[in-house]
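Here is what each chain is made of, one letter per residue.
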Amino acid sequence: MSRLSLAPLLLAVTLMSGCATHEVDFQGEGAGVVGAGAGVTAVVETPSVGLPGQDAADDPVVWAGVGPVTVMGTPTPGLVVGTDKKAGLYVYGLDGAVLQFLPEGLLNNVDAVEGLSLAGRPQLLLGASDRTPGRTGVSLYLFDPAGTGQNGIRPWGAITTDVVEPYGFCFARLGTEVHAILVGHEGEVRQFVLTVGADGAPVSREVRRFEIGTISEGCAADPETSALYLTEENVGLWRYGLDPASGDARILVQPIAPGILVADAEGLTTIADATGRYLIGSSQGDSTFPVWKIDGAAPAYVGRFVVQAGVIDGVTGTDGLAAWSGAIGQFPDGLVVVQDDINDVGNQNFKYIDWRDIRTALGIR
Ligand SMILES: [Ca+2]
Ligand SMILES: [Ca+2]
Ligand SMILES: [Ca+2]
């Protein structure tokens, strides 16, 4: 969440041989210290978000249906939705172009989930932590994958909460239930079950609440292992149970530590492929992305990657990130989208990385 204000630092490119993950110290782009990690490059980026100098872009979500969908008259094989925390929600295609903008106010984190239907039509449900005065909570949106023409994401309603400053947010499916998990700025966690009321409006029921301790934001669920991962920005990565009955029992997967996770610990996302399931974090303090394999009894640290400058500028200071597992458009094995704190032209934006490139860089096979 916080912007980096570190002095420019140029690092010599040093290829380290004999290392499984081909770690490199690469030349930073002039803002922020970039730690060691396996190098990848972004292949697509969105236009700049917000006004120059604004801390605006924050957190994305990535989604693909079984076939192409239509957004405001444009067919697309999938969606990237990103928050402008000063203004609302952007919907991007897989080429990075803006397909829709919803001027919805101070939305911070966004996520999406399938599993609810409206009048017999399956919907993609989107939720965003909303800090807009007078409507703090989780703002909800629907997208009809079968819609045509000027079909787009549309407001549906909200989850109200006692959390003063909604911050992190993620969805999870528990069997047939859709759960929404809100993380407050002070580390308050509220978990809700969402259903469709008889009138077609959202109904939310709080099923768990606990406190992480201090400022927290990143949120990602792994229903397969019934895990809920949360980052406490200055403390580390926690694993809680996803089942509300698990209460506030937790394991510190990774404390803040040099070379692995440098404060702020920020966004979290999961991604799966034929080799397993993984959790990707944002080590914002040194602009790297640590990866854990999470399908075993305990998360196993795999390594870190950095998004270097290529045709598209490198990535530093990432707040939020998101991934899609499996084929989506031109990405046959998955797509990772990260917020970039400093775009080379204009303001912050979102950058797309092919999961195959990350996997290769980290030596995952
Ligand atoms: Ca997200
Ligand atoms: Ca950049
Ligand atoms: Ca750029």
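Predicted model only: the values in this text are computed from it and were never measured.

Q: Can you tell me about the layout of surface pockets, naming the residues and giving the values?
A: The gaps of empty space that remain are located by a probe, the size of a water molecule, rolled over the atoms. Space inside the largest pocket adds up to approximately 800 Å³. Taken together, 40 residues make up the lining of the largest pocket; nearest its centre are Asp111, Ala112, Ala221, Thr270 and Ala323. Elements with a contribution of two residues or more to the lining of the largest pocket: strand E5 (57-63), strand E11 (107-118), strand E15 (166-174), strand E19 (216-222), strand E23 (265-273) and strand E27 (321-325). Put simply, the second largest pocket is a space of about 160 Å³. Looking at the second largest pocket, it is lined by 13 residues, and the ones nearest its centre are Trp63, Gly65, Val66, Glu114 and Pro145.

Q: Tell me about the coordination of the calcium ion (ligand 1), and name the residues and values.
A: Around a metal, the perfect tetrahedron of four donors has angles of 109.5 degrees, and the perfect octahedron of six donors has angles of 90 or 180 degrees. Surrounding the calcium ion (ligand 1) are the protein donor atoms Asp59 (OD), Asp59 (OD), Pro60 (O) and Val110 (O), at 2.3 to 3.2 Å. For the calcium ion (ligand 1), all donor residues lie on one chain, and their spacing in sequence is D-P-x49-V. Of this pair, Pro60 sits in strand E5 while Val110 is found in strand E11, placing the two residues 50 residues apart along the sequence. For the pair Pro60 and Val110, a shared accessibility class is recorded, and that class is buried.

Q: I'd like a description of the coordination of the calcium ion (ligand 3), backed by residues and values.
A: Taken together, the protein ligands of the calcium ion (ligand 3) are Glu45 (OE), Glu45 (OE), Asp313 (OD), Asn343 (OD1) and Asp344 (OD), with distances of 2.2 to 2.6 Å. Summarised as a motif, the one-chain spacing of the donors to the calcium ion (ligand 3) is E-x267-D-x29-N-D. Separated by 268 residues along the polypeptide, Glu45 in strand E4 (residues 44-45) and Asp313 in the loop between strand E26 (300-308) and E27 bring together distant segments of the chain. Taking relative accessible area as the criterion, Glu45 reaches 25% and is therefore assigned partly exposed. Judged by relative accessible area, Asp313 falls into the buried class, the value being 8%.

Q: Give a detailed account of the sheet that holds strand E16 (residues 177-184), specifying residues and quantitative values.
A: Taken in spatial order, the four strands line up as E15-E16-E17-E18 in an open sheet, and their pairing is antiparallel. A strand with exactly one partner marks an edge of an open sheet, and here the two such strands are E15 and strand E18 (202-211). For this sheet, the mean angle separating the axes of adjacent strands, direction not counted, is 25°. Alignment of E16 against strand E17 (residues 188-196), held across six bridges, turns out to be antiparallel.

Q: An account of the pattern of salt bridges is requested, with residue identities and associated values reported.
A: In total, this model carries 21 salt bridges according to the counting rule given. Across the salt bridge formed by Arg135 and Glu104, the nearest N and O atoms sit 3.2 Å from each other. Pair noted here: Arg135 is in the loop between strand E12 (121-130) and strand E13 (137-143) and Glu104 is in the loop between strand E10 (98-102) and E11, with a separation of 31 residues, a long-range link. Exposure remark for Glu104: the relative accessible area of 17% places this residue in the buried category. For Asp162, the salt bridge identified is with Arg190, shortest N-O distance 3.0 Å. In this pair, Asp162 is assigned in the loop between strand E14 (154-160) and E15 and Arg190 in strand E17, connecting sequence segments 28 residues apart.

Q: I'd like a rundown of the environment of Val207, residues and numbers included.
A: Its place among the elements puts Val207 in strand E18. The class of Val207 is partly exposed, set by a relative accessible area of 25%. Setting aside residues up to four positions removed in sequence, Val207 forms contacts with His179, Gln191, Phe192, Val193 and Pro244.

Cut-off values and rules
- Residues numbered from 1 in each chain as written.
- Chains lettered and ligands numbered in written order.
- Predicted model: local features only at pLDDT ≥ 70, side-chain atom pairs only at ≥ 80, totals over all residues.
- Heavy atoms only, no water.
- 1 Å grid on protein atoms, 1.4 Å probe; cavity = no way out; pocket = protein on both sides within 12 Å on 5 of 7 lines; lining within 4 Å.
- Points joined across faces, edges and corners; volume = space filled by probe spheres on them.
- Helix = DSSP H or I, 4+ residues; strand = E, 2+ residues; numbered from the N terminus.
- Donors = N, O, S within 2.8 Å, 3.2 Å for Na, K, Ca; no water.
- Buried < 20%, exposed > 50% of the residue type's maximum accessible area, 1.4 Å probe, protein only.
- Pairing = 2+ DSSP bridges.
- Axes fitted to C-alpha atoms, helices over the stretch in contact; angles between N-to-C directions.
- Salt bridge = Lys/Arg side-chain N within 4 Å of Asp/Glu carboxyl O.
- Contact = heavy atoms within 4.5 Å.

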